[in-house]
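Each chain is listed here by its residues.
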There are 2 protein chains.
Amino acid sequence: MSELNQEETNPQTARESPHRQTERTQLPPRDPNDHTIYIGKKLAMSYVLAVVTRFNNGDNEVKVKARGRNISVAVDVTQIAKNRFIPTLKIKNVEITTEELTSDDGRMSRVSSMEITMNK
Amino acid sequence: MSELNQEETNPQTARESPHRQTERTQLPPRDPNDHTIYIGKKLAMSYVLAVVTRFNNGDNEVKVKARGRNISVAVDVTQIAKNRFIPTLKIKNVEITTEELTSDDGRMSRVSSMEITMNK
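Residues numbered from 1 in each chain as written. Chains lettered and ligands numbered in written order. Predicted model: local features only at pLDDT ≥ 70, side-chain atom pairs only at ≥ 80, totals over all residues. Heavy atoms only, no water.

A. Just the sheet that holds strand β4 (residues 108-119) of chain B, in detail. Residue and element names in this part refer to chain B. One open sheet accounts for 4 strands, arranged β1-β2-β4-β3; its pairing is mixed. For this open sheet the edge positions go to β1 (37-38) and β3 (90-102), each flanked by a neighbour on one side alone. Bridging between strand β2 (residues 61-67) and β4 involves 7 bridges; their strand directions are antiparallel. Among the inter-strand pairings, Glu61 is bridged to a residue of β4, identified as Asn119. Of the strands in this sheet, β2, β3 and β4 are in contact with helix α5 (residues 71-85), which crosses β4 at around 5°. (Pairing = 2+ DSSP bridges. Helix = DSSP H or I, 4+ residues; strand = E, 2+ residues; numbered from the N terminus. Contact = heavy atoms within 4.5 Å. Axes fitted to C-alpha atoms, helices over the stretch in contact; angles between N-to-C directions.)

Printed below as a string of structure tokens:
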């Protein structure tokens, strides 16, 4: 389980590869207390498991974050976690933003981003 | 323009066909003052145009609603509307729910649903 969590919380491995290099140089160092789960290309159930595990380990608040097409998967993850595993789960906040990414050849592209904060 | 708006706000034509019959019988009659824009299979720009038109016509609040994979398109629509057309646009509220649909053969399926309320 710890291996899975490790992967989900580490942006260098959890994000899609095309932006990896860019993000490594652009983003500020991640807060070690930031337990955000990044939604990537795995099945939704993998992320549901990560969310449920966090709550079971005593976290009062869990965040999932996704970009682009993965946003709908993030929503599925929160709904599956709530409907099947944690009936008391509440959606505390939903944040919608646009992230600007610079690709290796210097072109800038925008992608929608969503962060969902859950508590129970 | 009125023809486009008509289509967006009419659930019988705006939704995907597989669920059409089910929804017609299950959902309560729609409030005629409900100006929700339903995100379907068109390009995001069609819905952006609908949102911008609503605000330009004097609406203070515009909602977009989407289900399943279309949720990420709904988020794109709000971000494009804000970044390119209405800088003062604010995301007032984001509602995440699960809708239960009964197909013609009686099976029940769940789909994530999202409603985003914008104002300016």
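B. Examining the interface of chain B and chain A more closely. With 19 residues of chain B in contact, the opposing surface of chain A contributes 19 residues. Where chain B abuts chain A, roughly 1600 Å² becomes buried across the two surfaces, and 54% of that area is made up of carbon and sulfur atoms. Of all residues in chain B, the largest losses of buried area upon contact with chain A belong to Arg69, Ser72 and Ile96 of chain B, amounting jointly to 31% of the total for that side. In this structure, the connection of chain B to chain A is made through 2 salt bridges. With a shortest N-O distance of 2.6 Å, Arg69 of chain B and Asp76 of chain A are connected by a salt bridge. At the junction of chain B and chain A, the tally comes to 10 residue pairs in polar contact (both at pLDDT 80 or more). Of all elements in the fold, only α5, β3 and β4 of chain B reach the threshold of two or more residues within the side of chain B that touches chain A. Residues belonging to the side of chain B that touches chain A are distributed by class as follows: 8 nonpolar, 8 polar and 3 charged. (Buried area = accessible area lost by both parts, 1.4 Å probe. Salt bridge = Lys/Arg side-chain N within 4 Å of Asp/Glu carboxyl O. Polar contact = N/O pair within 3.5 Å; in protein donor to acceptor, adjacent residues only side chain to side chain. Nonpolar A, V, L, I, M, F, W, Y, C, P; charged D, E, K, R; others polar.)

C. Inspection of the relation of the copies chain B and chain A at higher detail. Relative to chain A, chain B is turned by 180° and slid 0.0 Å along the rotation axis, the superposed coordinates differing by an RMSD of 0.0 Å. What the rotation and shift describe, once combined, is the action of a two-fold rotation axis. Rotation axis and chain B: the residue whose C-alpha lies nearest the axis is Ser72 of chain B, separated from it by 2.7 Å. A high fraction, 100%, of the interface residues of chain B reappear at the interface in chain A, so the copies pair face to face through one surface. (Least-squares fit on C-alpha atoms with pLDDT ≥ 70 in both.)

D. Highlighting the side chain of Thr78 of chain B. Along the chain, Thr78 of chain B turns up in helix α5. Among the residues examined, Thr78 of chain B registers a relative accessible area of 0% and is labelled buried. Ignoring sequence-local partners within four residues, the contact set of Thr78 of chain B consists of Ile96 of chain A together with Val64, Leu89, Ile91, Ile116 and Met118 of chain B. (Buried < 20%, exposed > 50% of the residue type's maximum accessible area, 1.4 Å probe, protein only.)

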